[in-house]
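Structure at a glance
These are the residues of each chain, in order.
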Amino acid sequence: MTIFSPAIERAIEALSSLPTIGRKSAQRLVFHLLRQPNEQVQHLADALVALKASVRYCSMCFTFTEQDPCTICTSPNREREILCVVEQPSDVFAIERTGEYRGLYHVLHGSLDPLRGVGAEQLKIEPLIERVRNGGVTEVIFALNPTVEGEVTTHYLTKALQPFGVRLTRIARGVPVGMDLEFADEATLSRALAGRSNVQ
Amino acid sequence: MTVTQLDLEHFRCHTHTTFAFEPGAVLITGPNGVGKTSILEAINIASVSKSFLPVSDNELVEFNASGYRITTHVRHDLGAALTISIEYDQAGGKRISTSAGGPTTAQELIGLVPCVVLTSLHRELFIGEPAIRRSFVDRVLAQCFSSYKHALWRHRTALRQRNRLLALGHGHDSELEVWTDELIDASCEIVQRRWQFVVRFNRILNDTAQELDFNLETITLQYELPWLYINDGVRSDSLDLEALRTTMRAIAQELQAVERERMTTQWGPQRDVLTFCAGQRPLYTVASQGQQKLALYAIKLTEAAYIHHALDRAPILLLDDVFADLDSTNIGLLESFILERSRQWQTFVSAPSAASLRRRLDFQHIPLGKSAESLRA
Ligand SMILES: [Zn+2]
């Protein structure tokens, strides 16, 4: 059931396709935009178009950049023989903010996750192996997310990079977060009582 | 630990009720619908953030109210006081806070005030499918060891991911290998912990059952790993982790073709079999209803002893309607036992009336009258 005009509906649909934006929030944003002056909305639209037009992957480390290679990859002040492997460009910014790391990066754009259709070929794993194979790298630091997928990806990369004889290390992480296990045996009991069978 | 006071607001039929409790055995009586079980339920929510009954939080809110609040005052074994507040609002969700450290999460709450629950649903522990006994063991171990919680999480994730890869067919061999490694790792930890648990649990259970003396052969929780069909030195008294790992790897190798065909993992602790036995036979096949009820109580006491030892905190026992369907001999037996053990673990018992209890004066008795009865019941 659509109660809005086609233009409003289109905008709501486009906005609600963004992560963390539900239909309700999208509606709120659309009505907010409609109340704004033209220039303001034009400014937002221009920024979005420019974003897509000028930002691309760095051909060396695959982070987001406007100039290729990126400023980190071309900086004369970085230690070029150390690579830090991360899942997302946002991880690069997070590590950069600490100011502790002076090496280069390699962004995988995810972790091995068959349930989401992500295998080794969907990630920037081959280019990483290529970088190490080409020489000049002495240490690879794994800084993937503390999830099971992150752990398994680290394990996969360790196996893949071992033949090159470089030093392989990982950053220390705390206890993984985001566990959502159900422990209530009562819940299981009630499921069984309701006659539903348990999946193995 | 001792629950000293419980404040209930708009929880089930309790509009605004405060209960004060003493250490020892607390008997809550009253007709159906006056909110006996709700008191036990509320304490369980303070322990693990949810009810032991299959209900949603919305169903726990009093009719016409928008949310409930449970404030539980407990005293540590060494005397320190702690207050746990659980607030639920239909619009805003659940908020947990403690006097020790302000707001907290359900994850952090678990283990703070350990509880052991016995309801009529627990008969499933004997007659239900193996998954029920696996999750019984998992719940105890997860409360006691956060590393076990982590292993369960790794195992569940790796199992799903690996099954997905198997379903995708050939061409993912090196990926399948790393998921297999992860699954073996997590499985080893789970099996080792379960193994150690069962050995210790059976020792305590044996002593407890002997004291209860209900004319059954030795009660044990038997742990079998039928999927571990190659047995090179794995099933010894002290489980050798390296042997287990090697065996699992060999099995994974050998079964790979079958697994690809069936598109599911054919080995791992998700296939463990746990059975409560009397002598060598499943308990439910040889025990009467009364004996099963006493055996359940013995199992719950064993759980309490295990948790007490592992966490070094005395758990609280919540026994919902335990005297139902028992003959007078068994009621007397259970009653004495509850009173004796409640010196160690504060025990809450609900019952329709105190009439059948010979030693009712030894309980702290909280009779709930008709006045508290809600229209909702
Ligand atoms: Zn770069």
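Conventions and cut-offs
- Residues numbered from 1 in each chain as written.
- Chains lettered and ligands numbered in written order.
- Predicted model: local features only at pLDDT ≥ 70, side-chain atom pairs only at ≥ 80, totals over all residues.
- Heavy atoms only, no water.
- Helix = DSSP H or I, 4+ residues; strand = E, 2+ residues; numbered from the N terminus.
- Rg over C-alpha atoms; globule rule 2.2 N^0.38 Å.
- Buried < 20%, exposed > 50% of the residue type's maximum accessible area, 1.4 Å probe, protein only.
- Contact = heavy atoms within 4.5 Å.
- Donors = N, O, S within 2.8 Å, 3.2 Å for Na, K, Ca; no water.
- Tetrahedral: all angles 85-135°; square planar, octahedral: opposite > 155°, others 65-115°.
- Pairing = 2+ DSSP bridges.
- Axes fitted to C-alpha atoms, helices over the stretch in contact; angles between N-to-C directions.
- Salt bridge = Lys/Arg side-chain N within 4 Å of Asp/Glu carboxyl O.
- pLDDT = per-residue confidence, 0-100.
- Core = buried A, V, L, I, M, F, W, Y, C linked by side-chain atoms within 4.5 Å.
- Parallel < 35°, antiparallel > 145°, perpendicular 65-115°, else oblique.
- Nonpolar A, V, L, I, M, F, W, Y, C, P; charged D, E, K, R; others polar.
- Phe/Tyr/Trp six-rings, centres within 6.5 Å; stacked < 30°, edge-to-face > 60°.
- Lys NZ or Arg CZ within 6 Å of the ring centre and 35° of its normal.
- Domains from an automatic or database assignment.
- Buried area = accessible area lost by both parts, 1.4 Å probe.

Moving on, we come to the overall build of chain B. A tally of regular secondary structure across chain B gives 11 helices and 14 strands. Taking 377 residues into account, the globule formula puts the C-alpha radius of gyration at 21 Å, and chain B, at 23 Å, falls close to it. Dimensions along the principal axes, computed over C-alpha positions, put chain B at roughly 70 × 55 × 40 Å. Across the 377 residues in chain B, those meeting the buried criterion constitute 57%. At a minimum sequence separation of 6, the contacts of chain B that also span at least 24 residues come to 71%.

Let us look at the coordination of the zinc ion. Residues and elements named next belong to chain A. Of the protein atoms, only Cys-58 (SG), Cys-61 (SG), Cys-70 (SG) and Cys-73 (SG) coordinate the zinc ion, at distances of 2.2 to 2.4 Å. What the 4 donor atoms of the zinc ion show is an angle range of 105 to 115 degrees at the metal, which sorts the shape as tetrahedral. In the primary sequence, the donor residues of the zinc ion line up as C-x2-C-x8-C-x2-C. Cys-73 gets classed as buried once you look at its relative accessible area, which sits at 2%.

Residue and element names in this part refer to chain B. Here 6 strands make up an open sheet; going across it, the order is β2-β1-β4-β5-β6-β7 and the pairing antiparallel. Two strands bound the open sheet, and with one partner strand each, they are β2 (14-20) and β7 (102-104). Across the sheet, the mean angle separating the axes of adjacent strands is 20 degrees when strand polarity is ignored. Of the strands in this sheet, β1 (2-11), β2, β4 (67-75) and β5 (81-89) touch helix α1 (residues 36-48), which is tilted by about 105 degrees from β1.

What follows covers the sheet that holds strand β11 (residues 281-282) of chain B. Residue and element names in this part refer to chain B. One open sheet holds the 3 strands; their spatial order is β9-β10-β11, and the pairing between them is antiparallel. Each edge of the open sheet is held by one strand with a lone partner, namely β9 (219-224) and β11. Against the sheet, helix α7 (residues 173-212) makes contact with β9 and β10 (273-278), and its axis sits at roughly 165 degrees relative to β9, the strand it touches most.

Time to look at the pairing of β1(B). All names here are of chain B. When you tally the buried positions in β1, you get 7 out of 10 residues, the bulk of the element. As defined by bridge partners, β1 adjoins β4 across 7 bridges and the pair is classed as antiparallel. The residue bridging Leu-8 from the neighbouring strand is Ile-70, located in β4. Two elements, β1 and β2, share 6 bridges in a ladder whose sense is antiparallel. Note on β2: the bridge partner recorded for Leu-8 is Thr-17. Once β1 ends, the chain turns through 2 residues before running back antiparallel as β2, passing Arg-12 with a positive phi of about 50 degrees.

Let us look at the pattern of salt bridges. Residue and element names in this part refer to chain B. As enumerated under the stated definition, the model contains 25 salt bridges over all chains in all. Linking Glu-87 and Arg-95 is a salt bridge whose minimum nitrogen-to-oxygen distance equals 3.6 Å. Since its relative accessible area comes to 56%, Arg-95 is described here as exposed. Across the salt bridge formed by Glu-182 and Arg-154, the nearest N and O atoms sit 2.9 Å from each other.

This next bit is on the confidence of the model for chain A. Low-confidence regions, as indicated by low pLDDT, have predicted coordinates that should not be scrutinised in detail. Per-residue pLDDT for chain A averages 84, and the proportion of residues at 70 or more is 84%. When the criterion is pLDDT under 50, residues 174-200 of chain A qualifies, and its contacts beyond four places in sequence or with other chains add up to 53 contacts.

A word on unusual backbone geometry. A cis amide bond links A:Asp68 to the next residue, A:Pro69, at an omega of -5 degrees. Its location among the elements puts A:Pro69 in the loop between β2 (64-65) and α4 (71-74).

All names here are of chain B. Counting 121 residues, the largest nonpolar core has Phe-197, Trp-267, Phe-276, Tyr-297, Phe-323 and Ile-338 as its most contacted members. Ranked by the residues each element gives to this core, the list is headed by α7, at 16 residues. Apart from residues lying up to four places away in sequence, Ile-338 is in contact with Ala-25, Tyr-297, Leu-319, Val-322, Phe-323, Thr-347, Val-349 and Phe-363. With 37 residues, the next largest nonpolar core counts Val-26, Ala-42, Ile-70 and Val-117 among its residues.

The subject of this paragraph is the packing of helix α5 (residues 130-144) of chain B against helix α6 (residues 146-168) of chain B. All names here are of chain B. Look at α5 against α6: their axes get within 5 Å of each other, and the N-to-C directions meet at 130 degrees. Regarding the angle of α5 to α6, the classification is oblique. Contacts between α5 and α6 involve Asp-138, Leu-141, Ala-142 and Cys-144 from the former and Ser-146, Tyr-148, Lys-149 and Leu-152 from the latter. Across the contact of α5 with α6, the residue classes break down as 5 nonpolar, 1 polar and 2 charged.

What follows concerns the packing of aromatic side chains. Residues and elements named next belong to chain B. Applying the stated criterion to the full structure yields 14 aromatic pairs over all chains. Summarising the aromatic geometry, the rings of Phe-21 and Phe-348 are spaced 4.8 Å apart at their centres and angled 90 degrees between planes, so their arrangement reads as edge-to-face. Residue Phe-21 is found in the loop between β2 and β3 (25-29), and its partner Phe-348 is found in strand β13 (residues 347-351); the two are separated by 327 residues along the sequence. The exposure classification of Phe-21 matches that of Phe-348, with both residues buried. Centre to centre, the rings of Phe-126 and Phe-276 are 5.7 Å apart; their planes meet at 85 degrees, and the pair counts as edge-to-face. Placement of the pair is Phe-126 in helix α4 (residues 124-127) and Phe-276 in strand β10, with a sequence separation of 150 residues. For Phe-126, a relative accessible area of 4% gives the class buried. Members of the aromatic cluster, joined through ring pairs, are Phe-126, Phe-136, Phe-197, Phe-201, Phe-276 and Tyr-306. When the ring centre of Phe-145 is taken as reference, the NZ or CZ atom of Arg-193 above it lies at 4.0 Å.

Quick look at the domain arrangement of chain B now. Residue and element names in this part refer to chain B. In terms of domains, chain B is made up of domain 1 (1-114 + 313-377) and domain 2 (122-312). Using only C-alpha atoms to locate each centre, domain 1 and domain 2 end up separated by 31 Å. Both faces considered, domain 1 and domain 2 share a buried interface measuring about 1900 Å² in area, 64% of it formed by carbon and sulfur atoms. The largest contributions to the domain 1 side of the interface with domain 2 come from Arg-313, Phe-337 and Trp-345, which together make up 28% of the buried area. Here domain 1 and domain 2 share 1 salt bridge between them. Residue Glu-211 pairs with Arg-341 through a salt bridge whose shortest N-O separation is 3.2 Å.

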